[in-house]
Amino acid sequence: MRVTVAFLIAGLSFVQGRTRSYTFDIAAKKVSPDGLTRSAITVNGHTPGPVLVGEKGDDFSVLVKNHLNDPTMRQSLTIHWHGIFQHRTNYDDGPAQVTQCPIAPGHSYQYKIETTDVVGGGQTGTFWYHSHLGTQYVDGLRGAIVLYDPEDPHKALYDVDDQNTIITLTDWYHAPAEKLGHDWVANLTAEPVPDSNLLNGVGRYKGGPATPRAVINVVQGKRYRFRIINMSTIVSFNFTVEHHNVTVIEADGVSHHPYEVSSIGISVGQRYSVVLNANNPIRNYWIAYPSNFREIAVPTVNPTYNGTEAFAILRYKGAPHADPTTPQITPPTVGVFKEFNLKPLVSPLPPSASENKLNVKLEFGTPRNDSIDAKGDANVWKVNGVQYQPPKIPTLLQILSTGLNQTGQLPPDVIILPPNSLITVQIIGNAGHPFHLHGHKFQVIQSASGPRNEIDPPVRDTAITNDATDDGAFTIRFRTDNPGPWLFHCHIDWHLNVGLAVVFAEDPAGIKNTIHPPKKWKELCKIYNRLPPSQQ
């Protein structure tokens, strides 16, 4: 017998139990997060959408209803549950044409989000969801996921951890993603630069109105676990709170040893939990989250964007409802976060002498933005000389239908990985690309900077590349213990959309034995393939 307790979370009916049930009504709606009104893709009327909340061992069932009809944006959709392993439910991982066909407008689909890991334990920590069709999430389809741990090993470090301490960081564009992406490729320009930065869905743009700033409320003497999520398209942020250090305790759903810093850099797709001790005098303090990405150095690219105009307010109870009276801050240069200093609370098992090992080298170069090269490629990203292009038939469906298990039977942007093996991936390219691996967490053997660490490196699912071309190149390591086709890609959505990705087809034989999609999943492609291009 299941006891049902219904209450409202951001407009959702929440059911307490082993399976947490939600309904997402996806529709276009006029929004103005920075003062300029535009049509955006919303979840239950909001962007970011409602928070999915659960506890260790819970699963989610999310009924997605597609009401999209705005011709300036993609009208079909998928949703990816970023950081969730989807063990045995790879078919609901979400990336279009990798694990499913998109949900057509006027139709619905029920996702099952499986949060147990391979050894039967439950995932905990900070995650998020977003569209995974083209660049659709740029237009607003994204939101947070939190899996609380009643036995959190860091629980003694904080007093407050609830939906009010979730902090989402986002870049925001005034034009629809489809137009921006088309113009970028057609005009051979730099990647589209956003118009503003948002914290919890609120921000300002240069020359725009003075919209109210986001406020994080605290009580003096309490310690707060802030769950910071970068939901951006391209922008990395430096997060700083005036006169407050923070202590990092989680990266991408993995607990790490406490690490105190003065500011923290967070790239696209990454999440951190940090503890802030509200032990300063009662007043208002600046929260700064300026941009940190290369196009910020090109002021003529977008005159409405000021990457340093990114402020919110930390407000102590009893302080006036006003902006801080101190000058706006800039991120410090001392005591700043360095990823290679992270140490996981529980290190994965070290490699064994008998374990099957495989090294994968991926190379990519900067695309030509000023002219078309000899092959006719412009603004195209390639990995090992191949541009990733979504197939007409989803990779998972191909494997389930034909039992593909040889590299020659799959396109060159799909790499077959054997089961129960230790995979080391080295990326040779250029710096600043946040690479995300679906279905797994990985050890960051070589971070974007710092020394190589084979013993107790950081563990996460999204990390930033460097520009080394030798043994110092960005390197990750993971085990193939979760059968399925898993996308591995740059999370700068403009780059993914023009090819900066590969698919790891992990254990094709195991896929056929363990992945069993429901009937509704099998109907998605039949419906989608009948759509006119304008509705795809």
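Residues numbered from 1 in each chain as written. Predicted model: local features only at pLDDT ≥ 70, side-chain atom pairs only at ≥ 80, totals over all residues. Heavy atoms only, no water.

1. Structural notes on the state of the cysteines
Next up, step 1: This model, assessed by the stated rule, comprises one disulfide.
Next up, step 2: Note on cysteine connectivity: Cys101 is disulfide-linked to Cys525, with sulfurs 2.0 Å apart. Across the S-S bond of Cys101 and Cys525 the torsion is about 90 degrees, and the bridge reads as right-handed. Here Cys101 is found in the loop between β7 (79-82) and β8 (108-113), whereas its partner Cys525 is found in helix α5 (residues 519-528), with 424 residues between them in sequence. We note that Cys101, like Cys525, is buried. (Disulfide = S-S within 2.5 Å. Helix = DSSP H or I, 4+ residues; strand = E, 2+ residues; numbered from the N terminus. Buried < 20%, exposed > 50% of the residue type's maximum accessible area, 1.4 Å probe, protein only.)

2. Quick notes on the packing of aromatic side chains
Next up, step 1: Taken as a whole and judged by the stated rule, the model has 17 aromatic pairs.
Next up, step 2: Taking 6.5 Å as the distance between ring centres and 40 degrees as the angle between the ring planes, the aromatic pair formed by Phe24 and Trp81 counts as tilted. Here Trp81 lies in strand β7 and Phe24 lies in strand β3 (residues 19-31), a separation of 57 residues in the sequence.
Next up, step 3: Judged by its relative accessible area of 0%, Trp81 is buried.
Next up, step 4: For the ring pair Trp81 and Tyr111, a centre distance of 5.3 Å and an interplane angle of 70 degrees mean the geometry is edge-to-face. Remark: Tyr111 occurs in strand β8 and Trp81 occurs in strand β7; sequence separation between them is 30 residues. A single burial state applies to Trp81 and to Tyr111, both of which are buried.
Next up, step 5: Ring pairing ties together the aromatic residues Phe24, Trp81, Tyr109, Tyr111 and Tyr129, which thus form one cluster. (Phe/Tyr/Trp six-rings, centres within 6.5 Å; stacked < 30°, edge-to-face > 60°.)

3. Considerations on the sheet that holds strand β28 (residues 459-460)
Next up, step 1: Pairing is mixed across the open sheet formed by five strands, whose spatial order is β23-β25-β30-β27-β28. The sheet is open, and its two borders are formed by β23 (356-363) and β28, each paired with just one other strand.
Next up, step 2: Relative to strand β30 (residues 475-479), strand β27 (residues 442-446) runs antiparallel, the two sharing three bridges. Bridged to Val444 within β30 is Ile476. (Pairing = 2+ DSSP bridges.)

4. Some remarks on helix α1 (residues 177-187)
Next up, step 1: Ala177, Leu180, Gly181 and Trp184 are the residues of α1 that are buried. Down the axis of α1, the sector holding all buried residues measures 95 degrees, keeping them to one side.
Next up, step 2: Of the residues trailing α1, Leu188 is marked for its positive phi of about 55 degrees. (Arc of directions from axis to C-beta.)

5. Details of unusual backbone geometry
Next up, step 1: A cis amide bond, omega -5 degrees, links Thr47 with the succeeding residue Pro48.
Next up, step 2: The residue Pro48 is located in the loop between β4 (38-43) and β5 (49-55) in this model.
Next up, step 3: A positive phi angle is found at Asn200, which is not glycine, with a value near 50 degrees.
Next up, step 4: Judged by its relative accessible area of 30%, Asn200 is partly exposed.
Next up, step 5: Look at Asp252: it is not a glycine, yet its phi comes out positive at around 55 degrees.
Next up, step 6: Topologically, Asp252 is positioned in the loop between β17 (246-251) and β18 (254-261).

6. A word on the pairing of strand β12 (residues 196-199)
Next up, step 1: Side chains Ser196 and Leu198 of β12 all project onto a buried face; the interleaved residues Asn197 and Leu199 project onto the opposite face, where all are buried too.
Next up, step 2: Sheet analysis places strand β11 (residues 166-172) next to β12, joined by four bridges and oriented antiparallel. The partner of Asp171 across the bridge, within β12, is Asn197.
Next up, step 3: In this structure, β12 lies alongside strand β13 (residues 202-204), joined through three bridges in antiparallel fashion. What sits directly across from Asn197, in β13, is Arg204.
Next up, step 4: In this antiparallel pair of consecutive strands, β12 and β13, the connection spans two residues, and Asn200 shows a positive phi of 50 degrees.

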